[in-house]
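Notes for the structure review
Here's the letter readout for the chains.
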Amino acid sequence: MKIVSFKICPFVQRVTALLEAKNIDYEIEFISLRDKPQWFLEISPNGQVPVLITDRGQALFESDAIVEYLEEAYPALQPDISLEEKATNRAWSYLAAKNYLVQCGAQRSPNREVLKERSEKLGKAFDRMEKQLGDTPFFGGDNLGMVDIAWLTLLHRAEIIERRSGFDFLGNRPKLKRWQKQLMATGLAERSVAPDFEEAFADFYLSDQTFLGRGGKVENDRFSAACATDACC
């Protein structure tokens, strides 16, 4: 199978992380979202990545639909859970996915005030998860599951931002930080992105156009509206 991708897109990483967790072979092709090729527009009704082209040549779009297909078409990460647990897992996974662009916007904040506003919005999702997490290594227990995959992208990006800029999106949330550490230790974060992902990510989110990229200095607060469109993911 093949994944059509934009290098720093969190929705793509959710799919590739699941492929890596299931040890499924795949190819990946990167495109520019500012200059989308015609063949891509013909197979992606919404003009967005990811698109998964199955072994049968069927093009699937929307990350929610793609991960559900992969979970059903290949051995499940959590084969023995109930229908109620599956539905609950979908809901917690959706909470992660609907905050991907919230995190993108927070990372691109042009000044301190915008960063505070956007990080607080993201923090509401982190607060909900902090209350939900237990003492097990992963969300559903001792084994990796679909919720872990969905939240991996948020926690991976938060780890990069903290390491490279010093800004801590997770704050005083010890369960979330423990979970982040556990997920990073699996190696899925690195395996599910391109070798030069972190540099591409930093070039966009830690450039001199962003408050975090300027080291918290307020110079010319030039706001890029890129994350209000599909330019970043």
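Cut-off values and rules
- Residues numbered from 1 in each chain as written.
- Predicted model: local features only at pLDDT ≥ 70, side-chain atom pairs only at ≥ 80, totals over all residues.
- Heavy atoms only, no water.
- Salt bridge = Lys/Arg side-chain N within 4 Å of Asp/Glu carboxyl O.
- Helix = DSSP H or I, 4+ residues; strand = E, 2+ residues; numbered from the N terminus.
- Buried < 20%, exposed > 50% of the residue type's maximum accessible area, 1.4 Å probe, protein only.
- Expected span 1.5 Å × (residues − 1).
- Patch = residues over 30% accessible without salt bridge, like charges linked within 9 Å, V, L, I, M, F, W, Y side chains within 5 Å.
- Areas by Shrake-Rupley, 256 points an atom, 1.4 Å probe, with all protein chains shown as cover.
- Lys, Arg positive; Asp, Glu negative; His and termini not counted.
- Charge placed at Lys NZ, Arg CZ, Asp CG, Glu CD.
- Pairing = 2+ DSSP bridges.
- Right-handed = clockwise from strand over helix to strand, strands pointing away.

1. A short note on the pattern of salt bridges
Within this structure, the stated rule accounts for 14 salt bridges. Of the charged contacts, one joins K2 and E29 as a salt bridge, the two residues approaching to 2.5 Å between their closest N and O atoms. With a gap of 27 residues between them, K2 in strand β1 (residues 2-5) and E29 in strand β2 (residues 27-30) connect regions that are remote in the sequence. Relative accessible area serves as the criterion here: at 27%, E29 is assigned to the partly exposed category.

2. Thoughts on helix α7 (residues 146-165)
In a regular helix each residue adds 1.5 Å, so 20 residues correspond to 28 Å; α7 covers 29 Å between its end C-alpha atoms and thus fits that length. Judged by how many residues are buried, α7 sits mostly within the fold: 15 of 20 residues are covered. Where α7 terminates, the next one or two residues include G166, which has phi positive at roughly 90°.

3. What about a positive patch on the surface?
A cluster of basic residues, K98, K121, K124, R128 and K131, forms a positive patch on the protein surface. Using a relative accessible area of 46% as the deciding quantity, one classes R128 as partly exposed.

4. Let's talk about the pairing of β2
Across four bridges, β1 lies against β2 in parallel orientation. Following the sheet pairing, S5 is matched in β2 by F30. Tracing the backbone out of β1, into helix α1 (residues 10-21) and back to the parallel element β2 gives a crossover that is right-handed.

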